[in-house]
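A look at the structure
The residues making up each chain are set out below.
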Amino acid sequence: MSGPAPALEMRGITKQYPGVLANDDISLDVKQGEIHALLGENGAGKTTLMNILYGLVQPDAGEILVDGRAATIRQPSDAIALGIGMVHQHFMLIPVLSVADNVVLGQETMRGPVLLDMDAARRRISVLAEQLGFTGIDPSTRIEQLSVGQQQRIEILKAIYRGARVLILDEPTAVLTPQETTEMFTVFRRLRAEGTSIVFISHKLDEVLEIADRITVIRRGRVVGSRRPAETDQNELAEMMVGREVSLTVDRGESHPAEAVLDVKGLHALDDRRHEVVRGVDLEVRAGEILGIAGVAGNGQDELVEAIVGLRRPSAGTVTLAGHDITGLAARRTREAGVAYVPADRQRYGLVLRAPLTENLVLTSYHREPYSRGIVLNEAAIQATAARLIADFDIRTPSATVGAGTLSGGNQQKLIVAREFGEDVRLLILDQPTRGLDVGSVEFIHKQAIAKRDEGVAILLVSAELDEVLELSDRVAVMYRGQLVATFTAEEVRRETVGLLMATGQAAPLAADAAEGVA
Amino acid sequence: MTARQQAPGRLVALWRVAALPVLAILLALIVAAMVIIVADWATTGTVNLLLPVYAYANLLTGSFGDPGLWAKGNFNAIVNTFVASAPLVLGGLAIGLGFKGGLFNIGVAGQFLVGAFTAAVVGANLATAPMLVAMPVSLLAGVAAGALYAFIPGILKARTGAHEVVTTIMLNNVATLLLAWAVTDVVGDPTQSFPRTADIGNAALPVLFGRNFHLGIVIALLAVPIVAWLLNRTTTGFEIRTTGANPNAARYAGIRPVVIITLTMTLSGLLAGLAGSIQMLGVIGFYASGISASVGFDSITVALLGRTNPVGIMFAAFLFGAFRAGAPLMQINTSVPIEIIDIIQALIILFLTADVIIRTVFRLRAAKPGLEEMATVTRTWGEGVAR
């Protein structure tokens, strides 16, 4: 073989799960100092492959080579010893412990046989953080006091501290704001310059094109092909990923807004720590239009939505639905008035992961006919509806009775969408409807939303993805520190202005004329 | 799908659920056999490898009888097993229902005592009333008392987040001591030589069969399909299961966890009170301080062994009832003490909870994490209440 051996090589990896061939003869190599992106839809087998590499899952066939030598990885400690580090999508940090505690956990610096030497550990961590360009990290801060972006850096720091030369990041940007993503990429480039290899798992085409040296696309457990960013574009990658041509832009068509459905006036609400995070919101959504709320996560969007749907009692203000005052009504009464809601956190609020698909599909309607009469559930009606929704919304599942937790993220979201869109609704609230989903699922959900709008449903969209808000909305409002600081129509909205409003709450002096007051 | 295609799938599915409990029982019996051998060696100085076989054989005969006795129409052994199983069925259902709703009701012991006490007091007062009045009224009084006693930790959990394990353990002590006082100083029968309530007379559950196959056994058996139906076929059951599996999603769906948590705990206490009532009106006959509430704790093992499935709980309760009913014969014939049953029971719990042991010994695939019920037992205590 010519040239140096790749830092990491996987040959013919195959993994069969009951009913699913998760990895089918996958081969992949990562050179030293290379950022190699692994692109694929939800459920394509990316995570399985990386779990095999990290020793969390054993392959049925195939071999792994590190620096050209065959390696046996039976458990994560083997992987760590070989210099492979992993940053999971859901962080593996202990919130109540300090940064230093988390980083050294399992590899503590000792003073003698019993005593910890945390001072030395903290010094080492500070030096390392400096090298990686992580500024402003105090090793004695508790993890729970850090932002999501900072926590992710701690995960990276933890891996490097353990001597990782190959870093696997599973969808690292799914939880980050655009600014944090940009900063994360700076970190990647620095790591690459120092010779660290990075495997970057993603389904976001633009990010992959921006940061990767090479892109390998996986579909249904197989490698479809590899590309260099210069040789390809988003359309080709999307097609490789999904297996058919995908429309990356939304064909929104014309909207025909009618009477006002939702009317919110002077709404105030507190968050769980009793801080006022919604501070006087006025908004109106009309039948047959989509109002999108753009904003950096944590500016009161979630609390605003919860106050509207009856999961949080507003401290002031009114919510009116088609002329009826629904302020402070319980969640069930709000639903009965015609409000459906796709929550931001699908696993925490939207689904009962342990329960079968059938029950999840009637989670918000089980108490009504035909699904029950009196207190007796009508199993036949529930199953018929479930079968219909699974077919209509193309939910990929071996059966309707498996637990919702066994589905991929995209299919879990389709499950919620099927349930909420299927109802007889007047107002549909979509909170981060496509977070963490692949292009195919995003396209599907966007189309469904447009169809719902054209049926005359009023839609309130909240999303941290600015592109999503801009593409889907007939009107765009920007939320900043608990207030809607500006509202635009789809025609007059400009990306830069909205970005600036999201970040600062103020439009740049030149763009100020374009911004109306609060809606 | 045809029935023929379904059949193997069902068996596989059944084994998937039953493997862990069945293997836990098997392993517990093997380990207990070693304990029997060693304990015997320590007292007699000889090693008798066959002793466990004799002991288990006598245990079996003690709990089910033998063909010779059956031919003579003597089914006392098997009836005793039914009698011992009935309160365990109800207690197991009480714990299992709680687990489904995400609650660990350790208070079954206390609710059992309160139910038994109330049934005894009401029964003693109605001892001379017609049986068709005395018996159902006493029974319902005991049931209501158990439910009411569980309502307290239920509402505390729902309203304030007070952890039900802590409150029910405390309420168990409150029940024991309060009832001891009551039976000594308030409702005791002065004509008796020790503090106890008067005879229940006509309030006793009628014996239907054999020496003591009482109506309570039928009630316990009927409770199994009723609880299964409630949990799986009603909106209330849907709400209980949803709240237990994900209280946040329940709230999102418009279910009020405060109501459901209180209701689940109350229903659990209702079953525990029923267990106490049938034991009182079918077996004991009077309340005296110090009657055994071990049913409350055995029920936890039963519920875990039955994997919170009502039918599974019924089988687990019968196993334990058989152990309890058969143990005396084992002790008489082989001098292996009754306490070995407690050891077996403890070992079963150990192997169920530390299921890694079972999976390693029997090379089961670790496809699924252990008992989901254990999540309720070990759930983070700081979680508090879903508002």
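Residues numbered from 1 in each chain as written. Chains lettered and ligands numbered in written order. Predicted model: local features only at pLDDT ≥ 70, side-chain atom pairs only at ≥ 80, totals over all residues.

Of regular secondary structure, chain B possesses 16 helices and two strands. Relative to the globule expectation of 21 Å for 387 residues, the C-alpha radius of gyration of chain B, 22 Å, shows essentially globular dimensions. By its C-alpha atoms, chain B is 60 × 55 × 45 Å across when sized along the principal axes. Expressed as a percentage of the 387 residues in chain B, the buried residues total 50%. (Helix = DSSP H or I, 4+ residues; strand = E, 2+ residues; numbered from the N terminus. Rg over C-alpha atoms; globule rule 2.2 N^0.38 Å. Buried ≥ 20, exposed ≤ 12 C-beta atoms within 10 Å, placed from the backbone.)

Now for the sheet that holds strand 23 (residues 475–480) of chain A. Residue and element names in this part refer to chain A. An order of 18-21-22-15-23-24 is seen for the six strands of this open sheet, with the pairing classed as mixed. In the strand order of this sheet, the two ends are held by strand 18 (339–342) and strand 24 (483–489), each with one partner. On average, each strand axis in the sheet is tilted by 20° relative to the strand beside it, whichever way the strands run. Looking at chain direction, strand 15 (residues 290–294) and strand 22 (residues 458–463) are connected through five bridges and run parallel. Within the sheet, the bridge partner assigned to leucine 291 lies in strand 22 and is leucine 460. This element, helix 9 (residues 301–309), spans strand 15, strand 18, strand 21 (427–431), strand 22 and strand 23 of the sheet and lies at about 155° to strand 21. Seen against the sheet, helix 14 (residues 409–422) touches strand 18 and strand 21 and runs at an angle of roughly 170° to strand 18. (Pairing = 2+ DSSP bridges. Axes fitted to C-alpha atoms, helices over the stretch in contact; angles between N-to-C directions. Contact = placed C-beta atoms within 7 Å.)

Turning next to the domain arrangement of chain A. All names here are of chain A. Domain assignment breaks chain A into domain 1 (8–242), domain 2 (247–338 + 425–519) and domain 3 (350–423). With centres defined by C-alpha atoms, the gap from domain 1 to domain 2 works out at 34 Å. On the side of domain 2, 11 residues touch domain 1, which itself brings 13 residues to the contact. Considering every element that reaches the side of domain 1 that touches domain 2, the biggest residue donor is helix 8 (residues 234–242), with five residues. Of the residues assigned to the side of domain 1 that touches domain 2, the class counts are six nonpolar, five polar and two charged. (Domains from an automatic or database assignment. Nonpolar A, V, L, I, M, F, W, Y, C, P; charged D, E, K, R; others polar.)

In this section: the interface of chain A and chain B. Taken together, the contact pairs 22 residues of chain A with 15 residues of chain B. Elements represented by at least two residues in the side of chain A that touches chain B include exactly helix 10 (331–336), helix 11 (346–350) and strand 20 (376–377) of chain A. In terms of residue class, the side of chain A that touches chain B is built from 13 nonpolar, four polar and five charged.

Residues and elements named next belong to chain A. By the criterion of burial, strand 24 is predominantly enclosed, with five of the seven residues buried. Strand direction decides the pairing type here: strand 23 and strand 24, joined by six bridges, are antiparallel. When the bridges of strand 24 are listed, alanine 477 appears paired with threonine 487. Counted along the chain from strand 23 to the antiparallel partner strand 24, the turn is two residues long, and its residue arginine 481 has a positive phi close to 45°.

Judged by nonpolar contacts, the single largest core of 262 residues is most densely connected at Leu53, Ile168, Leu427 and Ile429 of chain A together with Val89 and Leu271 of chain B. Considering each element in turn, this core owes the most residues, 14 residues, to helix 4 (residues 76–100) of chain B. Leaving out residues up to four positions away in the same chain, isoleucine 168 of chain A has contacts with Met50, Leu53, Tyr54, Ile84, Gly85, Met86, Val87 and Val199 of chain A. (Core = buried A, V, L, I, M, F, W, Y, C linked by C-beta atoms within 7 Å.)

Residues and elements named next belong to chain A. Read from one edge of the open sheet, four strands run 2-1-4-5, paired in antiparallel fashion. A strand with exactly one partner marks an edge of an open sheet, and here the two such strands are strand 2 (20–30) and strand 5 (69–71). On average, each strand axis in the sheet is inclined to that of its neighbour by 30°, with strand direction left out of account. Relative to strand 4 (residues 61–66), strand 1 (residues 8–17) runs antiparallel, the two sharing five bridges.

Here the focus is helix 2 (residues 51–64) of chain B. All names here are of chain B. The terminal C-alpha atoms of helix 2, which comprises 14 residues, lie 20 Å apart, in line with the 20 Å expected from a rise of 1.5 Å per residue. For helix 2, every residue scored as buried is listed here: Leu51, Pro52, Ala55, Asn58, Leu59, Gly62 and Ser63. The buried side chains of helix 2 occupy one side of the element, clustering within an arc of 130° when seen end-on. Downstream of helix 2 by a residue or two, glycine 65 has a phi angle that is positive, lying close to 80°. (Expected span 1.5 Å × (residues − 1). Arc of directions from axis to C-beta.)

Quick look at unusual backbone geometry now. Residues and elements named next belong to chain A. A cis geometry characterises the amide bond from glutamate 369 onward to proline 370, with omega recorded as 0°. Tracing the chain through its elements places proline 370 in the loop between helix 12 (357–361) and strand 19 (372–373). Unusually for a residue other than glycine, glutamate 171 sits at a positive phi of about 45°. At aspartate 394, a residue that is not glycine, the phi angle is positive and equals roughly 55°. Judged by the 12 C-beta atoms lying within 10 Å of it, aspartate 394 is exposed.

Here we take up the packing of helix 6 (residues 131–160) of chain B against helix 11 (residues 257–284) of chain B. Residue and element names in this part refer to chain B. Two numbers describe how helix 6 lies on helix 11: the axes approach to 6 Å, and their chain directions differ by 145°. Relative to helix 11, helix 6 is oriented so that their crossing is right-handed. Here the contact of helix 6 with helix 11 is composed, by residue class, of 20 nonpolar, 11 polar and two charged. (Left-handed = near helix turned anticlockwise from the far one by under 90°.)

Low pLDDT means the predicted coordinates in that region are not meant to be read closely. This prediction gives chain A a mean pLDDT of 88; 97% of its residues lie at or above 70. Across residues 510–519 of chain A, where pLDDT falls below 50, the model places 22 contacts with residues more than four positions away in sequence or in other chains. (pLDDT = per-residue confidence, 0-100.)

Counting buried residues in strand 15 of chain A gives five out of five residues, a clear majority hidden from the surface. Along strand 15 of chain A, one buried face is formed by Ile290, Gly292 and Ala294 of chain A and the opposite face, lined by Leu291 and Ile293 of chain A, is buried too.

This next bit is on the packing of helix 4 of chain B against helix 12 (residues 294–305) of chain B. All names here are of chain B. The geometry of helix 4 relative to helix 12 is characterised by a closest axis approach of 8 Å and an angle of 65° between their N-to-C directions. Considering the relative orientation of helix 4 and helix 12, their crossing is right-handed. Across from Pro87, Leu88, Gly91, Gly92, Ala94, Ile95, Gly96 and Phe99 in helix 4, the residues of helix 12 making contact are Val295, Gly296, Asp298, Ser299, Ile300, Val302 and Ala303. Taken together, the residues that form the contact of helix 4 with helix 12 break down as nine nonpolar, five polar and one charged.

Another point: helix 5 (residues 108–125) of chain B. Between its terminal C-alpha atoms helix 5 of chain B stretches 26 Å, which fits the 26 Å expected from 18 residues at 1.5 Å a residue. Within helix 5 of chain B, 17 of the 18 residues are buried, leaving the element largely enclosed by the surrounding structure.

Note on placement: arginine 220 of chain A falls in the loop between strand 11 (214–219) and strand 12 (222–227). Sequence separation between arginine 220 of chain A and glycine 43 of chain A is 177 residues; the distance between their C-alpha atoms is 7.3 Å.

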